[in-house]
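An overview of the molecular structure
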Amino acid sequence: MKTARKAVDNPPNSDSETNLTRENSSWLIARGFIPDTRPQRILALATFVNMVGSGVFMVSAALFFTRSVGLSVAQVGLGMGIAAVVGLFAGVPVGHVADRRGPREIYLLMLCLQGVAMAALIVVHSFWLFVAALCVGELARAAGAAARGPLVRAVGGTQLARYRAYLRSVANLAGSGAAVVAGFALQVDTRPAYLALIAGNAASFVACAAIIAALPPLPPVPAPAAATPWAVLRDRGYVAVTALDGIMSIHHQVLLFALPLWIVGYTDAPRWLIGTAALVNTALVVLLQVRASRGVDDSATAATVMRRSGVAFLVGMAAMAAAAGLPGWLAVAAIVAGICVHTVGELWHAAGSLELRFSLAPAHAQGQYSGLFGFGSGLANVVAPSVLALLCITWGVPGWLLLGGIFVAVGLVVPLVVRWAERTRPLAPAETEPVAA
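Residues numbered from 1 in each chain as written. Predicted model: local features only at pLDDT ≥ 70, side-chain atom pairs only at ≥ 80, totals over all residues. Heavy atoms only, no water.

With that settled, the discussion passes to the overall build of the protein. The number of helices and strands found in the protein is 17 helices and zero strands. By residue count, 48% of the 437 residues in the protein fall in the buried class. Counted over contacts in the protein with a minimum sequence separation of 6, partners at least 24 positions apart contribute 85%. When the accessible surface of the protein is split by element, carbon and sulfur atoms take 68% of a total near 19900 Å². (Helix = DSSP H or I, 4+ residues; strand = E, 2+ residues; numbered from the N terminus. Buried < 20%, exposed > 50% of the residue type's maximum accessible area, 1.4 Å probe, protein only. Contact = heavy atoms within 4.5 Å. Areas by Shrake-Rupley, 256 points an atom, 1.4 Å probe, with all protein chains shown as cover.)

A word on the nonpolar core. Ranked by internal contacts, the top residues of the largest apolar core, which has 55 residues, are Leu43, Phe57, Phe65, Leu121, Phe130 and Ile212. Of all the secondary structure elements, the ones that give two or more residues to this core are helix H3 (38-69), helix H4 (73-87), helix H5 (91-101), helix H6 (103-120), helix H7 (127-156), helix H8 (160-188) and helix H9 (191-212). Here this core gets 14 residues from one element, more than from any other, and that element is H7. Ignoring sequence-local partners within four residues, the contact set of isoleucine 212 consists of Leu43, Ala46, Arg104, Tyr107, Leu108 and Leu111. Within the second largest apolar cluster, 53 residues are counted, among which are Ala277, Ala323, Ile393 and Phe407. (Core = buried A, V, L, I, M, F, W, Y, C linked by side-chain atoms within 4.5 Å.)

Moving on to the environment of glutamine 114. Locating glutamine 114 in the fold gives a position in helix H6. Note: C-alpha distance between glutamine 114 and asparagine 201 (87 residues apart in sequence) is 9.5 Å. Setting aside its immediate chain neighbours within four residues, glutamine 114 contacts Gly137, Ala140, Arg141 and Phe205.

Here the focus is the pattern of salt bridges. Close approach of charged atoms allows side chains with opposite charge to pair. A full pass over the atoms with the stated rule returns four salt bridges. The shortest N-O distance in the salt bridge between glutamate 138 and arginine 141 comes to 2.8 Å. With glutamate 138 and arginine 141 both in helix H7 and three residues apart, this pair spans about one turn of that helix. Among the salt bridges present, the one from arginine 164 reaches glutamate 355, with a minimum N-O distance of 2.7 Å. (Salt bridge = Lys/Arg side-chain N within 4 Å of Asp/Glu carboxyl O.)

We now examine the packing of aromatic side chains. Summed over all chains, the structure comprises twelve aromatic pairs. Between phenylalanine 57 and phenylalanine 65, the aromatic rings sit 6.2 Å apart at their centres with planes inclined by 80 degrees, giving edge-to-face as the arrangement. Classification of phenylalanine 57 by relative accessible area gives buried; the value is 13%. Overall, phenylalanine 65 belongs to the buried group, its relative accessible area being 1%. Between the aromatic rings of phenylalanine 65 and phenylalanine 130, the centroid separation amounts to 4.7 Å while the plane-to-plane angle is 65 degrees, which identifies the pairing as edge-to-face. With phenylalanine 65 in helix H3 and phenylalanine 130 in helix H7, this residue pair connects regions lying 65 residues apart in the sequence. (Phe/Tyr/Trp six-rings, centres within 6.5 Å; stacked < 30°, edge-to-face > 60°.)

With that settled, consider H9. The end-to-end C-alpha separation of H9 is 32 Å, in line with the 32 Å expected for 22 residues at 1.5 Å each. Summarising the contacts, the buried residues of H9 are in contact with H3, H6 and H8. (Expected span 1.5 Å × (residues − 1).)

So, on to the side chain of threonine 343. Here threonine 343 shows up in helix H15 (residues 328-359). We classify threonine 343 as buried; its relative accessible area is 0%. Polar side-chain contacts of threonine 343 include one of 3.0 Å to the side chain of asparagine 281. Excluding anything up to four places from it in sequence, threonine 343 contacts Leu255, Asn281, Leu284 and Val285. (Polar contact = N/O pair within 3.5 Å; in protein donor to acceptor, adjacent residues only side chain to side chain.)

And the structure:
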């Protein structure tokens, strides 16, 4: 009877087990492994799913288009370049629509459009259809990024800086997992394997949209009567900050584009170091981005870490350039040290850039301003290969040092321009109320 009574008093699904689950969940929240609120967790999950699909596509795209679709390398490069340029012009107008209609709905629409464009690539067999599908997808991607800006700000609430850093860590973790998955399919090297990757990316956009639909609607912030659809273009300070951030954003391609060519063509370091460089960079971003973003919660601190990032880029690039005159094992040590220092600069730049993107923008126009900021970083990605090929590969060591010096100069100018932008902005920013948990 006592045993039976004990079983009745403490059934398997009792409050004690519920409390234990809550304690485990609280421990994960306290350690920063999962965000605090339900909307934050929803957006983080959507980010992870989206980046898994996008990462798979980025790794496999070139081989899919050349080996499966039958396009030449020149055609693939031209098509991707056209799509990248076309996508640059979608952010500001669609961001304005998101400000006035609600960012969640516009973001959902852009995710679905990306899924359709990606699915269309499965049946593409000609160059111009390939370009058309890529352009639609890139337009939707850039527009979706602009609509996502105010969504992140609202969901992040009072811990916006920490939450942005968490999302960046999640995105890098998802990208690493996607690269591993894509690697197995690329090893098979058959059309069904490539089609599976493309279909998986298309499905990821649909899944991401389904997850985002669980967020509560975010009503637009009322705009002042004097506000216009192109107000961001009249904000000279914000335009200047965007331009400086765009120049600094060229650093993203240093480890992806310049360093592999440098290792193979100009150093005695082994080629396996190319893959190791990407792993080291990703691991450091996943582990340290949240820590590097602590305290970066206003435009002044953001400008300060941007200045530090320029110095870190110079030191890291000087170390990687010095590997050209060293024997094998010393070259490896110099390159690894350079990668680590360069990644520290990347962490600081990401923290400062994301803060300036939001803090200098008025609350009622977050999408529009985010769209312009995305134009700056997008343009940097378009021109970066040409700039790096000229400076780092053609000019060699002096080019590496010159580019690092440019990063230092930009970092030194950023605090001055940020203070000017704060004094001259047409509308003072107001805080957006966080989405209820």
